[in-house]
Every structure is written in C-alpha cells, then in structure tokens.
Amino acid sequence: MTDKAFQDFYPDEFAHCYGCGRLNEAGLQIKSYWDGEESVCRYTPEPFFTGGFPGYFYGGLISSLIDCHSAATASAAKLRADGFALGEKPLSRFVTASLKIDFLKPTPMGKIIDLRSRVLEIKSRKIIVSTTLSAEDEIRAKGEAIMVQLPENR
Ligand SMILES: CCCCCCCC(=O)SCCNC(=O)CCNC(=O)[C@H](O)C(C)(C)COP(=O)(O)OP(=O)(O)OC[C@H]1O[C@@H](n2cnc3c(N)ncnc32)[C@H](O)[C@@H]1OP(=O)(O)O
C-alpha cells in the first residue's frame, strides 16, 4: 500500500505536464489514486479559472482534468494489469490519442471537483478510460479517452 499518487511515480522526464506533472511548478499538479476498481482525483479550481459566465468553471480546464486523470489512470491500470503494485517499477507514459467530453451541466466554482474513472478496455498499448466529473454530488461532465502507451524510445 502507498499513499502516494500515480503521478508521483512518473519518471522525471515525463513529470512536466501542465495538468499532472509534479515538476511543473506553474501547473495544476493533479493527484490520482485507486479506490477499488475506480481511480479518483479531487481538485478545487482557482478563482480565475472562470468560464463563460461568472461563478462557473472553464470548460477547457474541465477537459484538461479529465484528460490528465485519464492518462494517469491508464498508466496505473497498465502497471496493475502487468501484475505490479505502485512503486514496484516506473509507470509507463500514456498519451491522449482521442478525447471526447460531454458537458452535461454547468460546474460551479469554489466547490471540490470529484473525478472518477473506470477502465473500459485494455488492448496491448491502447487503454480506453471513462470518467465522470462531479461537483456537489452531481455529474457535470463525462469523458471518454483513448490513451496510447508511448514506445520506450519516444
Ligand atoms: C512525452 C510525454 C507527453 C505527456 C503528455 C501528457 C498527456 C497529454 O496531454 S498528451 C498530449 C496530446 N496528445 C499527443 O500529443 C499525442 C499525439 N499523437 C501521437 O503521438 C500518436 O498519434 C499516438 C502515440 C497517440 C498514437 O500513435 P501510434 O503509436 O502510431 O499508435 P498506433 O499504433 O497507430 O495505434 C495504437 C492504437 O491506438 C488507436 N488509436 C490511435 N490514435 C487514435 C485516435 N486518434 N482515435 C482512436 N484510436 C486511435 C489505434 O487504432 C490502435 O488501436 P488498435 O490496437 O485497437 O488497432
């Protein structure tokens, strides 16, 4: 067991992503964890991440949160599928090949954002991840991401 997040196990060379890189000081530095078969991430938007009308969260950043949490989930799911626990070996890096977002309801600012992901499919280098983004116990957006594992030489 570890209380470290998936992103804490990215090798340094893959730890600079704006959304999830622990080495990007100006980035969001989101943190993702297992909760049984699901992965979870909690994030509270900074007040300046306002969307098209006051008091609501910017959709582009909603997409970023779903994207980066999905990428981390794919990496952790691959490790788990290969029979390893977090920390037993470095995580492989997955990048986004495709990302579809449905914005279901406006997302309020100043509230904790809950992201929950499930792996729908693992096929060789490709992992499909489904994610919900909730605030105040209501699902505000859903995403489906196709994540592809980078070859070792990239
Ligand atoms: C280096 C660290 C970067 C950190 C990034 C952090 C997370 C991000 O924000 S990623 C940024 C945005 N994403 C990118 O820049 C990725 C750019 N794209 C690429 O590099 C390539 O297209 C890449 C790696 C995704 C796929 O290329 P390649 O390795 O040639 O994959 P390929 O062998 O063709 O396909 C593998 C599987 O993925 C599927 N796939 C690939 N692209 C897509 C797509 N756009 N839509 C649906 N499926 C796709 C293929 O159909 C194939 O599936 P299957 O095995 O079932 O036939």
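Going by an unreviewed UniProt entry, the protein chain carries the name Acyl-coenzyme A thioesterase THEM4 and comes from Syntrophus gentianae. Recorded in UniProt for the protein chain, the comment headed Sequence similarities (unreviewed entry) runs: "Belongs to the THEM4/THEM5 thioesterase family."

Visitor: Hey, could you go over the confidence of the model for the protein chain for me, with residue numbers and the actual values?
Guide: On average, residues of the protein chain carry a pLDDT of 95, and 97% of them reach 70 or more. Reported confidences for the modelled complex are a pTM of 0.94 and an ipTM of 0.90.

Visitor: Pulling in residues and values, what's your account of helix α1 (residues 59-81)?
Guide: Counted at 1.5 Å a residue, the expected span for α1 with its 23 residues is 33 Å, and the 32 Å between its end C-alpha atoms agrees. At the C-terminal side of α1, Gly83 shows a positive phi close to 95 degrees.

Visitor: Can you tell me about the site of the ligand, naming the residues and giving the values?
Guide: For the ligand, the set of nearby residues contains 15 residues, the closest of which are Val95, Ala97, Ser98, Lys126 and Val148. Counting only elements with at least two residues in the shell around the ligand, the list comes to α1, β3 (94-103) and β6 (138-149). Looking at the shell around the ligand, the element that brings in the most residues is β3, giving four residues. When grouped by side-chain class, the residues that make up the shell around the ligand number seven nonpolar, three polar and five charged.

Visitor: How would you explain the nonpolar core if you had to name every residue and give the values?
Guide: Nonpolar side chains in soluble globular proteins tend to be buried together. Counting residues in each nonpolar core, the largest one holds 33 residues, and the members touching the most others are Leu65, Cys68, Ala71, Ala74, Ile127, Leu133 and Met147. Elements with a minimum of two residues in this core: α1, β4 (113-123), β5 (126-135) and β6. Considering each element in turn, this core owes the most residues, ten residues, to α1. The residues touching Leu133, leaving out its near neighbours within four places in the chain, are Ile62, Leu65, Ile66, Ile113, Leu115, Arg140 and Ala141.

Visitor: Could you give an account of unusual backbone geometry, with specific residues and numbers?
Guide: The phi angle at Gln29 is positive, at roughly 50 degrees, despite the residue not being glycine. On the secondary structure map, Gln29 appears in the segment before β1 (32-35). Phi at Ser124 takes a positive value of approximately 50 degrees, unusual for a residue other than glycine. Inspection of the secondary structure puts Ser124 in the loop between β4 and β5. The exposure class of Ser124 is exposed, given the 7 C-beta atoms found within 10 Å.

Rules used in this analysis
Residues numbered from 1 in each chain as written. Predicted model: local features only at pLDDT ≥ 70, side-chain atom pairs only at ≥ 80, totals over all residues. UniProt positions renumbered as here; feature names shortened; annotations may be inferred. pLDDT = per-residue confidence, 0-100. Helix = DSSP H or I, 4+ residues; strand = E, 2+ residues; numbered from the N terminus. Expected span 1.5 Å × (residues − 1). Near = placed C-beta within 6 Å. Nonpolar A, V, L, I, M, F, W, Y, C, P; charged D, E, K, R; others polar. Core = buried A, V, L, I, M, F, W, Y, C linked by C-beta atoms within 7 Å. Buried ≥ 20, exposed ≤ 12 C-beta atoms within 10 Å, placed from the backbone. Contact = placed C-beta atoms within 7 Å.

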